[in-house]
Structures are given as C-alpha cells and as structure tokens.
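So you can see what is in the structure, the chains are spelled out below.
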Amino acid sequence: MSHTFDTARVTLIDHPLVQHKLTILRDAATGTKQFREIVRELALFEGYEVTRDFPLEDVDVETPLAVAHGKRIAGRKVAVVPILRAGLGMVEGMLDLMPSARVGHIGMERDEVTHEPREYYCKMPRDIAERTCIVVDPMLATGGSAIDAVHALRRRGVRDLRLVFILAAPEGLEALLAADPDIRVYVCAIDDHLNEQAYIVPGLGDAGDRIFGTL
Ligand code: PRP
Ligand code: URA
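This structure is a prediction, so every number in the text was calculated from the model and none was measured. (Residues numbered from 1 in each chain as written. Chains lettered and ligands numbered in written order. Predicted model: local features only at pLDDT ≥ 70, side-chain atom pairs only at ≥ 80, totals over all residues. Heavy atoms only, no water.)

**Q** Help me understand the site of ligand 2, please; the structure alone is not making it clear to me.
**A** Around ligand 2 lies a shell formed by Arg110, Met139, Ala141, Ala198, Tyr199, Ile200, Gly205, Asp206 and Ala207. Within the backbone of Ala207, one N or O atom sits 2.8 Å away from an oxygen atom of ligand 2. When the free accessible area of ligand 2 is taken as 240 Å², the share hidden by the protein chains comes to 89%. Taken together, the residues of the shell around ligand 2 sort by class into six nonpolar, one polar and two charged. (Near = heavy atom within 4 Å. Polar contact = N/O pair within 3.5 Å; in protein donor to acceptor, adjacent residues only side chain to side chain. Areas by Shrake-Rupley, 256 points an atom, 1.4 Å probe, with all protein chains shown as cover. Nonpolar A, V, L, I, M, F, W, Y, C, P; charged D, E, K, R; others polar.)

Here it is as structure tokens:
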C-alpha cells in the first residue's frame, strides 16, 4: 500500500552520525545501557533540528579584547512533553540543549490486542498554552498515541506543536499529519511498514522495553 504525506512538514534527520547510532539501536544484540545512551544522544541531535527556527536577538558582550556583537535566543519558552514510558528516554537529551525547558508528562499505553492507545496520566506545566511544545517518543507506529497527545495539547491551548520521533512507520506519519494541519514532525528514519501486531518493520522492537530493560 502506498502512503502519502506532506513531506514539507517532516524533517528527516539523516546525518551520518545519526544513521550510525540508529543502526546500533536497531541491533537486537545492543544491551539496555547502550540503548538508553543512544536514545538520549539521538534526542540531542534531533533537538538541534527542532530548534533551528528559534528567533535570535542581538546582544553585545565584552570579550577580553573588545565588544563582540553576538546573538542569543529571544526568550522562547519551551515544554518538552514525553509520551510515557518510552518518551522519557529522550527527555534528558532535549534538556541538555534547553536546560530551562519545563517538562509535561503524558501517559499513553497501547492495548496489545486492539493497538488503540489509552491515556493513563497527564500533568502539564500551568502555562503550557504559551510554550513551544516538543513532544518526544522514540516510535510512531499507527500514530494513535501521538494523535491523542496532539489532541490533549490542543485542548489545553497549545499553538506551537512539534513532534520528535526516532523511527516512524509511513502509516503513522500519514495519520498523524492528517490529524492536525499545523504540526511539524522530526524523525531519524521512516521504515517500511507495520506488521500484524502494529510493530514497525524493520524497526527496533519495543522501545520502552529496551530502554527500561523490561523485555
Ligand atoms: C509505544 C511507543 C509509542 C507507541 C507507538 O509505546 O513508545 O508511544 O507505542 O505506537 P502507536 O503509534 O501505534 O500508538 P507503548 O504503548 O508500547 O508504551 P510504553 O512506552 O510504556 O512501552
Ligand atoms: N511501539 C514500539 O515500541 N515499537 C514498535 O515497533 C511499535 C510501537
């Protein structure tokens, strides 16, 4: 089946270092410690791209020699929003880049039979509507979890909404982009298809289980 989506709203981060690390992540022989480290590192790489359009303002600083005309981020307020559980693995990488960002948590679990997501937790910063929201989750499979997270954030008044995944299935990307006309999506790779259990193929398996060692 062919899938169509608006490629202008999808940023594919295929830097050589990202591809190298992603291959290690996919390898079934990679253990929990290294898996966790690489998920964090990939989030940091993706963080560079998701913040690329942040506006700058002029600022002068005194170097030991003279005044330098520099730039700094112009007061952007950010919330990183992991979809629990696996999204937690990407939070630290994002906070390495944006240490003063707030963190909102949304708990979503896929039913193993129907593959439908069920929200079991939601705690957002009070001023979430004024923040640029960066939703993080390693996997976009059917898109159900991400779409529910988008709806939950829109209901809370969020306008600037970006979603960052490590792997996506074409089916999930199509569904997610169709669900909201204004979101932007960042991903390290778009895989081939979903299998009957709605797992991404070739994928990397169950991201949450591999991050937390609950296989
Ligand atoms: C995984 C993954 C996504 C979701 C993707 O979480 O981390 O949140 O599945 O699937 P979807 O696009 O079909 O909704 P899971 O529900 O396995 O929970 P976990 O993070 O607690 O392991
Ligand atoms: N969730 C995962 O962790 N992996 C998949 O392939 C699909 C959903």
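**Q** Help me understand the pattern of salt bridges, please; the structure alone is not making it clear to me.
**A** Where side chains of opposite charge bring their charged atoms close, a pairing between them can arise. Counted according to the given criterion, the structure contains 17 salt bridges. With a closest N to O distance of 2.7 Å, Arg154 and Asp180 form a salt bridge. On the criterion of sequence distance, the pair formed by Arg154 in helix 4 (residues 144–155) and Asp180 in the loop between helix 5 (170–179) and strand 12 (184–187) is long-range, its members being 26 residues apart. The class for Asp180 is buried, based on a relative accessible area of 6%. Put simply, Asp53, Arg76, Asp160 and Arg162 are held in one network by salt bridges that share partners. (Salt bridge = Lys/Arg side-chain N within 4 Å of Asp/Glu carboxyl O. Helix = DSSP H or I, 4+ residues; strand = E, 2+ residues; numbered from the N terminus. Buried < 20%, exposed > 50% of the residue type's maximum accessible area, 1.4 Å probe, protein only.)

**Q** Teacher, can you tell me more about the pairing of strand 4 (residues 78–84) here?
**A** Successive side chains on a regular strand alternate, one facing one side of the sheet and the next facing the other. In terms of burial, strand 4 is a largely internal element, seven of the seven residues being buried. Residues Val78, Val80, Pro82 and Leu84 line one face of strand 4 and the alternating positions Ala79, Val81 and Ile83 line the opposite face, and both faces are buried. Pairing of strand 4 with strand 8 (residues 132–136), which is carried by five bridges, proceeds in the parallel orientation. Its bridge partner being in strand 8, Ala79 is matched across the sheet by Cys133. Both strand 4 and strand 5 (residues 102–103) contribute to a ladder of two bridges, which runs parallel. (Pairing = 2+ DSSP bridges.)

**Q** Explain the side chain of Thr51 to me, please; I cannot follow it from the model alone.
**A** Position of Thr51 relative to the elements: it lies in the loop between helix 2 (32–50) and strand 2 (56–62). Since its relative accessible area comes to 19%, Thr51 is described here as buried.

**Q** Is there a simple way to explain the packing of aromatic side chains in this structure?
**A** Aromatic ring pairs: the centre-centre distance and the angle between the two ring planes describe each pair. All chains considered together, the criterion is met by zero aromatic pairs. Above the face of the Phe54 ring, Arg76 is positioned so that its terminal group lies 4.6 Å from the ring centre. Looking at Arg110, its charged tip hangs above the ring of Tyr199, at a distance of 5.6 Å from the centre. (Phe/Tyr/Trp six-rings, centres within 6.5 Å; stacked < 30°, edge-to-face > 60°. Lys NZ or Arg CZ within 6 Å of the ring centre and 35° of its normal.)

By themselves, these are just geometric observations and shouldn't be taken as functional.
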